[in-house]
Amino acid sequence: MTRPAVGWRCVVCGTTVGIAEPFPWRCPRSTPADRRHVLRVVDHRPPAPPVDDPDPFVRYGPRLAWWASATANGLDHDDCTALTRAVVPDATVTPFGRSDLLTDELGLDVWVKDETDNVAGSHKFRHLTTILLQLLAAEQLGRLVDRPPLAIASCGNAALAAATLAARVDWPIDVYVPEWMDDAFGVRLDELQARVHRCPRRSDDPPGDPAVHRFRAAVAAGAVPFSVQGPENALCLDGGRTLGWEIADAASDAGVGLDAVFVQVGGGAFATCVADALGAGVRLHAVQTEGCAPLARTWELVQAPGRELSGQEIAERWHELMAPWPDPTSAADGILDDETYDGLGVIAAMRRSGGEPVVAAEEDVLAAHDLAHRAGFRASHTGAAGLAGLLAGRRHVAGGERVAVIMSGVAR
Ligand SMILES: Cc1ncc(COP(=O)(O)O)c(C=O)c1O
Ligand SMILES: [Zn+2]
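Quick caveat: nothing in here was measured; it's all calculated off a predicted structure.

It is worth spelling out the site of ligand 1 at this point. Not every one of the 20 residues close to ligand 1 is listed here, only the nearest: G266, G267, F270, G334 and G409. In terms of residues, the shell around ligand 1 owes the most to one element, helix α11 (residues 269-278), which gives three residues. Across the shell around ligand 1, the residue classes break down as seven nonpolar, twelve polar and one charged. Of the domains in this structure, domain 1 (6-88 + 124-237) and domain 2 (96-122 + 240-407) are the two that each give at least three residues to the shell around ligand 1.

Set out below in structure tokens:
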């Protein structure tokens with residue numbers, strides 16, 4: 001049998017799914033009792049050259065899995081471009097350049113990707129765009145007749161991005177939020193016509209976030225997991241790569257090579273995607289805060305000298321190695337995921353590239369936010385947390401190295 005040029009493969013159990021499958025959200029062996037599976041794109045095609053277009057989802061469209069799926073099912077380049085324009089007519093390749101202020105203050109060559117001005121103010125829309133495009137392609141191909149609602153559990157950047165995209169194509173969306181969500185944020189979601197569900201803890205709830213329980217129940221009842229976590233929807237790991245491709249191309253256009261990138265990690269989809277796109281030549285340092293550092297704890301367990309676990313062993317022992325962090329807390333409140341859902345991807349990327357996790361003290365989080373604003377970036381504490389990692393993790397950078405951070409979310 002010839003191997004497919006592009007398809008899906010579960011990094012945990014090895015199950016493969018064909019690229020033409022219309023809804024390849026989760027590994028076929030993922031169950032409500034064991035959700036620890038994650039499909040990843042396996043792509044043996046040479047990377048398609050960038051299309052000359054300011055929209056990254058057109059520019060890098062032919063590299064994306066949703067596009068490969070759509071074309072395998074009979075859509076052509078123009079069809080895919082038209083669908084993209086319906087969802088993200090305003091997405092842009094965001095600026096990337098050396099920050100003189102950060103370079104001077106840190107005494108390192110610091111380059112910044114500024115994502116604060118993109119759709120809905122963060123990079124989150126990039127993960128969600130490819131899920132929506134996969135759905136729109138299925139609809140155009142007659143594989144989806146009635147629109148199931150989209151479902152997401154979030155009360156931050158991801159919820160805003162999800163409601164923004166859904167509104168553009170009039171797709172119904174249910175947003176499951178914690179009981180304590182800020183009212184002002186609820187108003188913004190209402191304005192986008194999202195159906196917002198506050199989720200108090202119920203007496204019969206298992207441990208964990210009640211909003212996530214309601215989200216999963218909705219998905220079990222037929223909703224589309226419009227999620228920014230790979231195990232819930234693999235398509236989110238497709239579009240997230242566009243940001244890394246932009247950095248790689250901008251660095252190459254500027255004639256510079258990057259040595260390392262410090263990326264803030266919550267669920268880990270973001271770092272997984274950026275590292276995938278940048279390749280093994282750029283060291284990935286995954287940044288968490290001292291108030292929520294489950295990945296750093298896992299790293300200690302899997303890297304123990306003399307008994308380093310293989311990627312397969314980590315996948316098999318995911319449950320035991322990635323226990324939820326008790327009581328997460330930090331001003332960087334967008335990366336307080338108690339579990340690094342895409343931790344397998346982040347660990348693999350750090351190992352491939354020779355990177356390590358960094359845990360930022362809370363004072364680094366505050367200092368990085370301040371420094372980012374002084375350097376002209378309107379980032380939130382979460383958005384500037386990669387820079388906090390650089391402040392905390394200077395020892396990981398040798399003199400003369402060139403490092404990148406990503407300001408991924410705007411201050412509100
Ligand atoms: C601005 C911003 N940056 C980074 C992240 C981290 O992304 P991930 O959860 O995929 O690790 C988040 C997550 O919510 C975020 O809102
Ligand atoms: Zn699997």
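As a further point, take the domain arrangement of the protein chain. If you check the domain split of the protein chain, you get domain 1 (6-88 + 124-237) and domain 2 (96-122 + 240-407). When each unit is reduced to the centre of its C-alpha atoms, the spacing between domain 1 and domain 2 is 23 Å. Mapped onto the side of domain 1 that touches domain 2, the elements with two or more residues apiece are α1 (56-59), α5 (124-140), α6 (157-168) and α9 (236-239). Its residues assigned to classes, the side of domain 1 that touches domain 2 shows 15 nonpolar, six polar and three charged.

Glancing now at helix α10 (residues 241-253). For α10, spanning 13 residues, the distance from its first C-alpha to its last is 18 Å, which sits close to the expected 18 Å at 1.5 Å a residue. Within α10 the residues assigned to the buried category are R241, T242, L243, G244, W245, E246, I247 and A251. The first or second residue beyond α10 is G255, which carries a positive phi of 75°.

The strand order across the open sheet formed by four strands is β8-β7-β6-β9, and the pairing between neighbours is parallel. Of all strands in the sheet, those bounded by a partner on one side alone are β8 (195-199) and β9 (224-225). Sheet analysis places strand β6 (residues 150-153) next to strand β7 (residues 173-178), joined by four bridges and oriented parallel. Each residue of the ladder has a partner; that of A153, found in β7, is Y176.

One finds A162, V175 and V263 to be the most contacted residues of the largest nonpolar core, which totals 135 residues. Taken domain by domain, this core gets at least three of its residues from each of domain 1 (6-88 + 124-237) and domain 2 (96-122 + 240-407). Setting aside residues no more than four positions away along its own chain, V263 makes contact with F270, A271, V274, L284, A286, V287, G386 and I406.

With that out of the way, let us pick up the pairing of strand β1 (residues 6-10). Pairing of β1 with strand β3 (residues 39-43), which is carried by five bridges, proceeds in the antiparallel orientation. Its bridge partner being in β3, V6 is matched across the sheet by D43. Note: β1 against strand β2 (residues 16-18), three bridges, orientation antiparallel. Pairing of G7 across the sheet is with G18, part of β2. In this antiparallel pair of consecutive strands, β1 and β2, the connection spans five residues, and G14 shows a positive phi of 85°.

Cut-offs used in this document
- All residue numbers refer to positions counted from 1 along the written sequence of the respective chain.
- All chains are assigned letters beginning with A, and all ligands numbers beginning with 1, in the order in which they are written.
- Only residues with pLDDT of 70 or above have their local features reported here, since the model is predicted, and side-chain atom pairs are shown and tallied only from 80 upward, although totals for entire chains, interfaces and linings are computed over all residues.
- As a rule, any residue with its backbone-derived C-beta atom within 6 Å of a molecule or strand is reported as near that molecule or strand.
- Note on conventions: DSSP H or I runs of at least 4 residues are helices, E runs of at least 2 residues are strands, and numbering of each starts at the N terminus.
- Any residue outside Ala, Val, Leu, Ile, Met, Phe, Trp, Tyr, Cys, Pro, Asp, Glu, Lys and Arg is labelled polar, Gly included; the first ten of those are nonpolar and the last four are charged.
- Delimitation of the domains relies on an automatic or database domain assignment.
- Here a helix's expected span is defined as the number of its residues, less one, multiplied by 1.5 Å.
- Partly exposed residues are those whose C-beta has more than 12 but fewer than 20 other C-beta atoms within 10 Å; 20 or more makes a residue buried and 12 or fewer makes it exposed, with C-beta atoms placed from the backbone.
- Two strands qualify as a pair provided DSSP detects at least 2 bridges between them.
- The term nonpolar core refers to a set of buried Ala, Val, Leu, Ile, Met, Phe, Trp, Tyr and Cys residues connected through C-beta atoms within 7 Å.
- Whether two residues are in contact is decided by their C-beta atoms, placed from the backbone, lying within 7 Å.

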